Amino acid sequence: MLNFDEQRFVRIQSGAVAHANGIRSAITECLENGAENIFFLGTGGAAILMMPASQLLQRQSAFPTYLEMSAELVLTGHQALGPKSIVVIPSLSGTTKESIEVMNYCRGKGAKVISLIGHAETPLARGADYAFVNFAEDDTSCESFYVQSLLIALSVMHVRGEYREYNDTVQEIVRLPHALLEVKRAYEERAEQFAEAIKDEPYHIVTGAGTTWPEAFYYGMCILEEMQWIRTRPVHSSDFFHGTLELVEKGVSVLLFKGEDASRPLVERVERFLPAYTDKVRVLDTAEFALPGISNHVRALISPVVLATVLERISAHLELKRNHPLTTRRYYKRVAY
């Protein structure tokens, strides 16, 4: 595969899965000590990657769950945040300014902080009550963050007696690193073709729903915009027909991300609409990828993980075809802001 270290990928994703017992222990301790709610707080792309886990809890658990913008919460406060709160803060570097500030703010309120970071001996590792370190870099961090936050959500429901399938689900997730590697291998040729098809597009509408909406949002903002300087319009599929559809015409590129959860029909509705109005509809459907040993129930939970692993292959080819390395920046961490 192009610019890809298979052993490194499996090692990193296995590291994320290996935190399952530690995460469950941390959540158990917090709940036994009287935790009454959980906040998912991050900055930028890392915050977006917490969305599927927070959504899972909001829809399938009675445990109060909040997904907030870190920088804004520090300024506005939140009446539910306090000594009975669990706070989850992801940061690949462990040094993200806004995430450090929100960690200190939350600890000042008495909350227990769980950090998900890529590097030890960083502020977010040292300052958290529970720090889960799993080295990763930009091309491997999505899957790692998705998996770890999913394990947090499943642990909350498990400890509260709301998810009896916990042990079976974790056993399936353990198989995921090697299954994802096979997905990458099988998709490599198509990834090159996909990159060739979109390399000259000036902008994309990117849409998804349910567990795939966060990946649509993330890929548009953090990869196509930040790393490729391509304008995008991420839009949730349920909102597509309330504004964005008016931008669709011949030659407009639309990327559709289809998952396997209950929200899939929302994306399919957009998919049915588009062919009559644009000739550039590209679909990524997680149902097309073989995942041996993964049940339909768990497939629905990990749709964003599968999308992230496929999109990484597309990005690897895209940066080469556009002669624009994914590491190139004009402003991010280069100028004062």
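What comes next is a walk through the structure. (Residues numbered from 1 in each chain as written. Predicted model: local features only at pLDDT ≥ 70, side-chain atom pairs only at ≥ 80, totals over all residues. Heavy atoms only, no water.)

1. Let's talk about the overall build of the protein
Note the cut-off: A run of DSSP states H or I qualifies as a helix once it reaches four residues; a run of E qualifies as a strand once it reaches two. Both are numbered from the N-terminal end. Taken over C-alpha atoms, the radius of gyration is set against a globule rule of 2.2 Å times the number of residues to the power 0.38. Exposure is judged per residue with a 1.4 Å probe applied to protein chains only, and the accessible area is read against the type maximum: over 50% gives exposed, under 20% gives buried, and values in between give partly exposed. A contact between two residues is defined here by any heavy atoms of the two lying within 4.5 Å. Reported accessibility uses the Shrake-Rupley method at a 1.4 Å probe radius. Residues are deemed covered only where the shown protein chains occlude them. A positive count includes Lys and Arg, and a negative count includes Asp and Glu. His and the chain ends are not counted in either. Every charge is mapped to an atom, namely NZ of Lys, CZ of Arg, CG of Asp or CD of Glu.
Regarding its fold elements, the protein presents 14 helices and nine strands. For 337 residues, the compact-globule estimate of 2.2 N^0.38 gives 20 Å, and the C-alpha radius of gyration of the protein, at 19 Å, lies within 12% of that figure. In the protein, which comprises 337 residues, the share counted as buried stands at 56%. Nonlocal contacts in the protein, meaning residues at least 24 apart in sequence, comprise 79% of its contacts between residues at least 6 apart. Of the roughly 14,700 Å² of accessible surface on the protein, a fraction of 49% belongs to carbon and sulfur atoms. In the protein, 34 positive and 41 negative side-chain charges are present, and the distance between their average locations comes to 2 Å.

2. Re a nonpolar patch on the surface
What counts here: The residues that make up patches have over 30% relative accessible area and no salt bridge, and they are joined within 9 Å when like-charged or within 5 Å when they are Val, Leu, Ile, Met, Phe, Trp or Tyr. Salt bridges are defined by distance alone: a side-chain nitrogen of Lys or Arg within 4 Å of a carboxyl oxygen of Asp or Glu.
Judged by side-chain polarity, Tyr 331, Tyr 332, Val 335 and Tyr 337 come together as a nonpolar surface patch covering roughly 490 Å² of accessible area. Tracing the chain through its elements places Val 335 in the segment after α14 (303-321).

3. Some words on empty space enclosed by the protein
Just so we agree on the cut-off: Note on definitions: the grid is 1 Å and covers protein atoms alone; a cavity is a set of points where a 1.4 Å probe fits but cannot get out; a pocket is an open set with protein on both sides within 12 Å along at least five of seven lines; lining residues have an atom within 4 Å of a point. Grid points are joined across faces, edges and corners, and a volume is the space filled by probe spheres set on the points. Here the nonpolar group is Ala, Val, Leu, Ile, Met, Phe, Trp, Tyr, Cys and Pro; Asp, Glu, Lys and Arg are the charged ones; every other residue, Gly included, is treated as polar.
Applying the stated rule across the entire model yields one cavity of 30 Å³ or more. In this structure, the largest cavity is lined by Leu 92, Ile 117, Gly 118, Asn 134, Ala 136, Ser 141, Ser 144, Phe 145 and Gln 148. Ranked by the residues each element gives to the lining of the largest cavity, the list is headed by helix α8 (residues 141-159), at four residues. When the residues that make up the lining of the largest cavity are grouped by side-chain class, the tally is four nonpolar, five polar and no charged.

4. Some points on helix α12 (residues 264-273)
Inclusion rule: The arc in question is the one spanned by the directions pointing from the helix axis to the C-beta atoms.
All buried positions along α12 are accounted for by Arg 264, Val 267 and Val 270. Along the axis of α12, the buried residues cluster in a sector spanning 125 degrees; they form a single face. The elements touched by buried residues of α12 are β6 (203-208), β8 (253-258) and β9 (280-285).

5. Description of the side chain of Thr 278
Short version of the rule: Counted as a polar contact is a pair of N or O atoms within 3.5 Å, where, for protein atoms, one must be capable of donating a hydrogen and the other of accepting one, and residues adjacent in sequence contribute only when both atoms are in side chains.
Position of Thr 278 relative to the elements: it lies in the loop between α12 and β9. Only 3.2 Å separates the side chain of Thr 278 from the backbone nitrogen of Lys 280, close enough to count as a polar contact. With sequence-adjacent residues up to four places away left out, Thr 278 is seen in contact with Val 248, Glu 249, Lys 250, Gly 251, Val 252 and Val 254.

6. Considerations on the sheet that holds β9
Keep this limit in mind: We treat two strands as partners when DSSP finds at least two bridges between them. Axis lines are fitted to C-alpha atoms, over the contacting stretch for helices. Their N-to-C directions set the angle, which ranges from 0 to 180 degrees.
Spatially, β7-β6-β8-β9 is the arrangement adopted by the four strands of the open sheet, whose pairing is parallel. The open sheet has two edge strands, β7 (231-236) and β9, and neither has a second partner. When strand polarity is set aside, the average angle formed by the axes of neighbouring strands in this sheet is 20 degrees. Alignment of β6 against β8, held across four bridges, turns out to be parallel. What sits directly across from His 204, in β8, is Ser 253. Helix-sheet contacts for α12 involve β6, β7, β8 and β9, and the interaxial angle to β8 is about 155 degrees. Against the sheet, α14 contacts β8 and β9, and its axis sits at roughly 130 degrees relative to β9.

7. Some thoughts on the pattern of salt bridges
Overall, the coordinates contain 24 salt bridges when judged by the stated rule. Ionic pairing is found between Lys 280 and Glu 201, a salt bridge with its closest N-O pair at 3.0 Å. With Lys 280 in strand β9 and Glu 201 in the loop between α10 (176-198) and β6, this residue pair connects regions lying 79 residues apart in the sequence. Overall, the relative accessible area of 24% leaves Lys 280 in the partly exposed class. The shortest N-O distance in the salt bridge between Arg 329 and Glu 226 comes to 2.9 Å. You can see Arg 329 sitting in the segment after α14 and its partner Glu 226 sitting in the loop between α11 (213-225) and β7, a full 103 residues away along the chain. Residue class for Glu 226 comes out partly exposed when judged on its relative accessible area of 24%. Sharing partners across several salt bridges, the network here consists of Glu 143, Lys 184, Glu 188, Glu 312 and Arg 313.

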